[in-house]
Amino acid sequence: MLPKIAVIGEGVIGCTSALQIAKAIPNSIITIFHDKPFENSCSAGPAGLFRIDYEENTEYGRASFAWFSHLYRTTKGAETGVKLVSGHIQSDNLESLKQQQRAYGDIVYNFRFLDDRERLDMFPSPSKHCIHYTAYASEGNKYVPYLKSLLLEQKVEFQQKNVESLDTIADAGYDVVVNCAGLYGGKLAGDDDQCYPIRGVILEVDAPWHKHFNYRDFTTFTIPKENSVVIGSTKQDNRWDLEITDEDRNDILSRYIELHPGMREPKILKEWSALRPGRKHVRIESQKRKTNETGKEYTVVHHYGHGSNGFTLGWGTAIEASKLVKKALGL
Amino acid sequence: MLRRLLLLFFGGVFAVNSLRVAVVGEGVIGLSTATAILDLAEKENITAPNIQIFHHKPFEKILSRHIAGLFRIDSGSEINKKYGYDTFEKLATLWREYGGLSGVQLVSGHILSDSKVKLDSQRVAYGSLVYNYRDLTEPELFGPTSLFDLPRNTSTHGIHYTAYTSEGLRFCPFLKKELIAKGVRFTQRRIENLEELGAEFDVVVNAAGLFGGVLAGDDAGNMSPIRGVLIRVDAPWHKHFLYRDFSTITIPVIDSVYMGTVKQEGAYGPNNVTFNDIQDITSRYVQLQPSFKRVHMLSSFVGYRPGRKQVRVEKQIREAYGQKKFTVVHNYGHGGNGFTLGYGSAVHAARLVLDLSLDSYAGIVPEPLPVNSTVGDWVQVLDD
């Protein structure tokens, strides 16, 4: 009997996990359960620039970077959604930039601090310090569908189902359930109240002359996508509302245009809001459980809580999650 | 009565004081020179000259229109470094003020070469002018997370930097628009020789590019066409320039990516892009970046760079018909570096036009090439 593995969630984490598991355990039956359409998920909108917030996640990022570089070297960006981007992050806080250096300076390409001449020449009213690097951006609206296409090749099945409890899935015949429910991962787990939303809003504009990412600190930025440029963002803890207001728009634009006057009066193509799956640490953990109804034994592997770094860390954390799945199956 | 006399007097003074300048050529060099003349006049508080720009081919048919204009200097002579420095400063100013509206774009990228010597000479030529200039490390070139698909047993080196593109398609019209707003006139008229303009103008600027030598009368043999081919492709995910040495390249411009090229010295045909050109360019480029296989091509074009051993920025006093003396200022012969050296050479030429101090060029202007009026076969073939 081939092992049956269920993955809850078809965002970047769910799809990445399923792909890793399919590679690690080629003789298995994998089903991905999703409740809402992909377009309504947190993974559909991000520009996906590689950047790590916390140093504890450095090695996960390193693994992801290797994967993105492989995709970049071998496949057209139009197919994968992965593109090489260079850019700058400025801040008056030197320590925050040094922290970025520690978190991923030796993973990305061309990481360096600008000298005064460069900083004053490139930006009209620059912050005191500025870093530069080259890395990958994996835009959600293309990258996740690309992962899906790889999954379909691996004969992974997709099923629309609102999953209320992990037990139900186990009782339906699955030996391992991988919980990639993002913001709702804690609720689905039943034992974790650490998940909280971090509300984000972005505007997508038409600015094909803008080929770099450009940040001031970590909430005011642009990131180029294949056919547009994302201007963002907000990072509002514990807000659940998704409606985009004029206050949002004015806030984001005024902050960004102060950093980059050349972007004034942008042609806005669309707007997007989502709730990042905030959590203090990413949860990658295996638990043995027994269903209430039938007493069936199964393993749940939790894999959620990536905050703002889902696209950067997903591949790396999925490797660890798939190892836990393998272990649970005694392989 | 007194007021009218005063008006006449001052009007007369203005008419006499306003230098009459003709510019031959409305490519990047002609437009940049006119721009530099007006910029300098304003800076030095001189009356702005009256400028008229002559062109005979439509913009769609001239070399400048098709150029991506990535900032990069081939030969790091002192004069080229000075020209590059002045151009870079101008591009940075336009970028800060106008974003992409001026046709200028901030771009980063990489250049690979098997020759460390060639790359080191790039550093000497412009490493301190551009931003983020650095040598690529071993892991970036060869490791499992490398940018490139290079076989391990090669000794390839690489550099990275951030600079500007100023694509002719948008940059030239931007300069032209600014010039028109400042009262510069554009006239479609084929100029056969400088003397015909010398009768009506005080200064004639020779920005005739590939034909600058012929027009000069004394320099045709020092010019040589260098055939180039560019293919415009649809690759909007490609946000960097990538070069292997200096003929296998992509440069992203605002709405497409340019892939190229060839550098056929002395070639003056074929005038259209051939099957061999496309095969040659695409096979070389795909070897450098395999993910570009079967990239969608939009258009392609052949152009002839105005090859010369060095840029000619030089002043001559000549006599027009009827013995009127006039000044000629040459500004042509930029080879493959017209957009990188253009504005800087224009500043030099403008200083010659306006008779301003040339201190910053002391000791770095190269010796003029010997006179050579031999008109090659290519002149008639390419001059339609």
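Residues numbered from 1 in each chain as written. Chains lettered and ligands numbered in written order. Predicted model: local features only at pLDDT ≥ 70, side-chain atom pairs only at ≥ 80, totals over all residues. Heavy atoms only, no water.

A. Expanded view of the overall build of chain B. Within chain B, the secondary structure is distributed over 11 helices and 15 strands. Taken over the C-alpha trace, chain B has a radius of gyration of 22 Å; the compact-globule value for 384 residues is 21 Å, and the two agree within 12%. With respect to the three principal axes, the spread of C-alpha positions in chain B is 85 × 45 × 40 Å. Sorting the 384 residues of chain B into buried and exposed places 57% on the buried side. Long-range contacts, defined here as pairs at least 24 residues apart, represent 77% of the contacts in chain B between residues at least 6 apart. (Helix = DSSP H or I, 4+ residues; strand = E, 2+ residues; numbered from the N terminus. Rg over C-alpha atoms; globule rule 2.2 N^0.38 Å. Buried < 20%, exposed > 50% of the residue type's maximum accessible area, 1.4 Å probe, protein only. Contact = heavy atoms within 4.5 Å.)

B. View of the packing of aromatic side chains. Tallied over the full model, the rule gives 33 aromatic pairs over all chains. Each ring, one from Tyr104(A) and one from Phe111(A), has its centre 6.0 Å from the other, and the planes form 80°; the classification is edge-to-face. Classification of Tyr104(A) as buried rests on a relative accessible area of 0%. Between Tyr215(A) and Phe221(A), the ring centres sit 4.8 Å apart and the planes meet at 20°, which makes this aromatic pair stacked. The pair formed by Tyr215(A) and Phe221(A) is uniform in burial state, with each residue classed as buried. When the ring centre of Tyr174(A) is taken as origin, the NZ or CZ atom of Lys4(A), which lies over that ring, is 4.9 Å away. Taking NZ or CZ as reference, Lys176(B) lies 4.7 Å from the ring centre of Phe186(B), over its face. (Phe/Tyr/Trp six-rings, centres within 6.5 Å; stacked < 30°, edge-to-face > 60°. Lys NZ or Arg CZ within 6 Å of the ring centre and 35° of its normal.)

C. Molecular detail of unusual backbone geometry. Following Gly260(B), the chain continues into Thr261(B) via a peptide bond in cis, with omega recorded as -15°. Tracing the chain through its elements places Thr261(B) in the loop between strand S11 (257-260) and strand S12 (264-265). Here Gly269(B) and Pro270(B) are connected by a cis peptide whose omega angle stands at -10°. The topology assignment puts Pro270(B) in the loop between S12 and helix H9 (275-288). Residues other than glycine seldom take positive phi values, yet Asn238(A) does so here, at roughly 65°. Among the secondary structure elements, Asn238(A) is positioned in the loop between strand S12 (236-237) and helix H9 (246-259). One non-glycine residue with positive phi stands out, namely Arg294(B), at about 60°. Residue placement: Arg294(B) occurs in the loop between H9 and strand S13 (296-307). Note on Arg294(B): relative accessible area 72%, which makes it exposed.

D. Up close: the UniProt feature "domain: FAD dependent oxidoreductase" (unreviewed entry) in chain A. Those places that UniProt annotates as "domain: FAD dependent oxidoreductase" (unreviewed entry) correspond, in this numbering, to residues 4-321 of chain A. Helix makes up 32% of residues 4-321 of chain A and strand 31%. Its end C-alpha atoms lie 16 Å apart. (UniProt positions renumbered as here; feature names shortened; annotations may be inferred.)

E. Spotlight on the pairing of strand S8 (residues 196-206) of chain A. Residue and element names in this part refer to chain A. Most of S8 is tucked away: 9 of the 11 residues are buried. In this structure, S8 lies alongside S12, joined through 2 bridges in antiparallel fashion. Residue pairing across strands places Arg 199 opposite Gln 236, the latter belonging to S12. Two elements, S8 and strand S11 (residues 229-232), share 4 bridges in a ladder whose sense is antiparallel. By the bridge assignment, Val 205 is partnered in S11 with Val 229. (Pairing = 2+ DSSP bridges.)

F. Structural detail: the nonpolar core. If you look at the biggest cluster of nonpolar residues, it comprises 98 residues, and the most contacted ones within it are Phe50(A), Ile89(A), Tyr104(A), Tyr133(A), Tyr136(A), Tyr143(A) and Val178(A). Here this core gets 7 residues from one element, more than from any other, and that element is helix H1 (residues 12-24) of chain A. Counting residues in each nonpolar core, the second largest holds 92 residues, with Leu203(A), Leu106(B), Tyr126(B) and Phe241(B) among its members. (Core = buried A, V, L, I, M, F, W, Y, C linked by side-chain atoms within 4.5 Å.)

G. Representation of the interface of chain A and chain B in the model. Every contact between the two is made by 41 residues of chain A and, on the other side, 42 residues of chain B. For the chain A and chain B pair, buried surface summed over both sides reaches about 3400 Å², with 54% attributable to carbon and sulfur atoms. By the criterion of area lost to chain B, the three top residues of chain A are Arg73(A), Trp209(A) and Lys211(A), representing 21% of everything that side buries. At the boundary of chain A and chain B, one finds 1 salt bridge. (Buried area = accessible area lost by both parts, 1.4 Å probe. Salt bridge = Lys/Arg side-chain N within 4 Å of Asp/Glu carboxyl O.)

H. Representation of the sheet that holds strand S6 (residues 157-160) of chain A within the structure. Residue and element names in this part refer to chain A. Strand order in the open sheet made by the 6 strands is S6-S2-S1-S7-S15-S14, with mixed pairing throughout. Since the sheet does not close on itself, it has two edges, and those belong to S6 and strand S14 (283-290), each with one partner. Neighbouring strand axes in the sheet, compared pairwise and without regard to direction, differ in orientation by 20° on average. Direction of pairing for S14 relative to strand S15 (residues 297-304): antiparallel, over a ladder of 8 bridges. Following the sheet pairing, Ile 284 is matched in S15 by His 303. (Axes fitted to C-alpha atoms, helices over the stretch in contact; angles between N-to-C directions.)

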